[in-house]
Amino acid sequence: MNTIDSTKFGCFWLGCKTQRQGEETVIDPSLHLSQFSTMNFFYILVSASITLFLAILSLPLLHQSSFFSWKWKSPFSHTTAELIINNGVIYTSDDSLPFAESMAVANGRVLCVGNHSFVQEFAGYGTQVLDLGGKVVVPGFIDSHVHFIYGGLQMKQVELRGVNNKEEFIRMIKDAAQRTKKGSWILGGGWNNDLRGGDLPAASWIDDLTPGIPVWLSRMDGHMGFANSVALMLAGITNLTENPRGGTIVRTANGEPTGLLVDSAMKLVTSHIPKDSVDDRREAMLRASNHALSRGVTTVVDMGRYFPGVSTDLSWEDFSDVYQWANSMSKMKIRVRLFFPMETWSRLVDVINKKGHALSEWIYMGGVKAFADGSLGSNSALFYESYVDEPDNYGLQVTEPEALLNMTLKSDLYGLQVAIHAIGDKANDLILDIFGSVASTNGMRDRRFRIEHAQHLAAGTPDRFGKQRVVASVQPDHLLDDADFASKKLGKDRAEKESYLFRSLLDNSPFVAFGSDWPVADISPLSGIKTAMTRRPPTWEDAWIPSERISFDDAIKAYTISAAHANFLDNDLGSLSQGKLADFVILSTDSWKDFSEEASASVEATYVSGVRAYP
């Protein structure tokens, strides 16, 4: 178990111990104005002077006003804690006091962090005390990019993640067909052809196994889908069907559709899939919440069921049918910040004007999202140079630049945060150009533009993120999927110069936030932290591009305080600081040294607003 010098601990309200010129000044936090009510005038003057002095000292420690109204308590009004956790290694993610051994919680927020003797002063009748036994505690993790309800739905569908051979792929579809009534759809996803050496599936693989049953299986990145012949027929896709703007119908040498659809072409099939019921989507949200909590995630940024070629209505239906319902019925288990399709920006402006930026402490109205390109795995990310395995292919420009610029201008003008998906080097530069133009046109303000993924960056692009103060919202575990095949698609030189530039981004900008893109990758901040530190896929002995590894401190902050800042939530979330919401995670380790060096631990318990939510 670690031991930490107790003189480093303090309280955010009244320094439990302060060091001045090498001497320790002990301040007794048990003093209260009420104790002086009957004292003579001299003592009243003395106490008033002390009060003024301490108030001046505490000013630098006060945070900005909370996003939600919450009355600050005077240092001398003895608020009783509802929960006190003791005997732990509490990492706060707050540089003013990085570690503490105890924490008090009241009204769902952090009342005080500090050493045991000080925090114990807030104990009273009914206070629950939890002895951590030396365990490590961290702030609740924030996953800055998920597709939450979509992931919850996929948990009940055919799960093809990790399937690395054709035979197993076909067997799983066969098993699903035996459980499915004719006319119903077989749905699922997570397949990755690169695990099979790049061999793409074809409708002919499963047509004989799925007579009368339409099949739709999305690739792991959500930018390519696979349909059998029944689904193609329902969609009216033939050799005469033209590629839609921003999408591709993959064909054989004879021009026949293979069953694969890329980006906006997916809508040709997905528009025919029966809608998930309201009950199914509500159950999916609750299922996803439990899954996230088991990974220590207490807040997610939900980009919705929105992909190229998918209806923009789905995100709004989930908002009204699921999130507003759960909020009104007190069924929310996890905090969510919602993004909506950029095409619907005016609708979001209307909602915010009526309801504000937060429906409650559970649901935050975020901003709008759009797409610049596709994905590397689907050969649809937009690059300056062509794909090595497809010399005539430079990727897809999913949204026309002029339309993207106009929507961004309007969204930003009305104060909405803008997030745009960009993976290829050309796509990232295109979006940075648009962001620069919009900032110049609309004027300077704290807008926190976001680029989602920022996976492959040309020389000099990381510096542009810093200069333009653009948030790089990246997903470390995507590196594990791409490391084995990026060189095959881009060439070794390009892949190693511009892929997943975590260190370069952090060296140029503090605005880096981590996430998972679940269900593309699993929700697992502990895995993401380790990946960002080591950059080593499971089968590799050495790191991929070791110069781009980052420190443990940078990695954990990208899931906590930096993620909160990227989402305008840093007044309430991201650190275990006085006044913030008491979301925290108890880990299995009692060694901070081992944890910070290896990022090896598991989640033992997750607390939201000071209440245990998992297990």
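Fair warning: this is a prediction, and the values are worked out from it, not measured in the lab.

Definitions and cut-offs
Residues numbered from 1 in each chain as written. Predicted model: local features only at pLDDT ≥ 70, side-chain atom pairs only at ≥ 80, totals over all residues. Heavy atoms only, no water. Helix = DSSP H or I, 4+ residues; strand = E, 2+ residues; numbered from the N terminus. Buried < 20%, exposed > 50% of the residue type's maximum accessible area, 1.4 Å probe, protein only. Polar contact = N/O pair within 3.5 Å; in protein donor to acceptor, adjacent residues only side chain to side chain. Contact = heavy atoms within 4.5 Å. Expected span 1.5 Å × (residues − 1). Arc of directions from axis to C-beta. Pairing = 2+ DSSP bridges. Axes fitted to C-alpha atoms, helices over the stretch in contact; angles between N-to-C directions. Core = buried A, V, L, I, M, F, W, Y, C linked by side-chain atoms within 4.5 Å.

S.K.: So what exactly am I meant to see when it comes to the side chain of serine 499 here?
M.R.: Along the polypeptide, serine 499 turns up in the loop between α15 (492–498) and α16 (502–508). For serine 499, a relative accessible area of 0% translates into the label buried. Here alanine 495 takes part through its backbone oxygen, which lies 2.6 Å from a polar atom of the side chain of serine 499. Leaving out residues up to four positions away in the same chain, serine 499 has contacts with Gln455, His456, Arg494, Arg535, Trp544 and Ile545.

S.K.: Explain helix α4 (residues 166–179) to me, please; I cannot follow it from the model alone.
M.R.: Along an α-helix, residues three or four positions apart point the same way, because every turn accommodates 3.6 residues. With 14 residues, α4 should cover 20 Å at 1.5 Å per step; its first-to-last C-alpha distance of 21 Å lies within 8% of that length. Those residues of α4 that fall on the buried side of the exposure criterion are Phe169, Ile170, Met172, Ile173, Ala176 and Ala177. With its buried residues spanning 160° around the axis, α4 presents them on a single face. Exposed side chains of α4 directed beyond 90 degrees from the buried face belong to Glu167, Gln178 and Arg179. Buried residues in α4 make contact with β11 (158–159), β12 (186–191), β13 (215–219) and β14 (224–227).

S.K.: Help me understand the sheet that holds strand β8 (residues 128–131) in this model?
M.R.: Paired through backbone hydrogen bonds, the strands of a sheet run either parallel or antiparallel to each other. Strand order in this open sheet of four strands is β7-β6-β3-β8, and the pairing throughout is mixed. This sheet does not close on itself; its edge strands, each paired only once, are β7 (109–114) and β8. Strand-to-strand twist of the sheet, defined as the mean angle between neighbouring strand axes without regard to direction, takes the value 15°. Both strand β3 (residues 83–86) and β8 contribute to a ladder of four bridges, which runs parallel. Looking across to β8, one finds that asparagine 86 is bridged to aspartate 131.

S.K.: Looking at this model, I keep getting lost on the nonpolar core. Mind explaining?
M.R.: A general feature of soluble globular proteins is that nonpolar side chains tend to end up buried together. Val138, Phe148 and Ile431 are the most contacted members of the largest nonpolar core, which has 96 residues in total. The dominant element in this core, judged by the number of residues it contributes, is helix α11 (residues 425–442), at seven residues. In this structure, isoleucine 431 is in contact with Ala372, Leu404, Ile420, Ala422 and Ile451, ignoring residues within four places of it in sequence. In terms of nonpolar packing, the next biggest core, distinct from the first, is built from 22 residues, Leu160, Ile206, Val262 and Leu396 among them.

S.K.: Mind showing me how you'd approach the sheet that holds strand β17 (residues 297–302) here?
M.R.: Taken in spatial order, the eight strands line up as β10-β17-β18-β19-β20-β21-β22-β23 in an open sheet, and their pairing is parallel. The two strands at the open ends of the sheet, each matched to only one other strand, are β10 (141–146) and β23 (512–514). Recorded for the sheet is a direction-independent mean angle of 25° between the axes of neighbouring strands. One ladder, built from three bridges, connects strand β22 (residues 471–474) with β23; its direction is parallel. Bridge pairing in β23 links serine 473 to alanine 513. Its contacts with the sheet place helix α9 (residues 345–355) against β18 (335–341) and β19 (363–371), and it is angled at close to 170° to β19.

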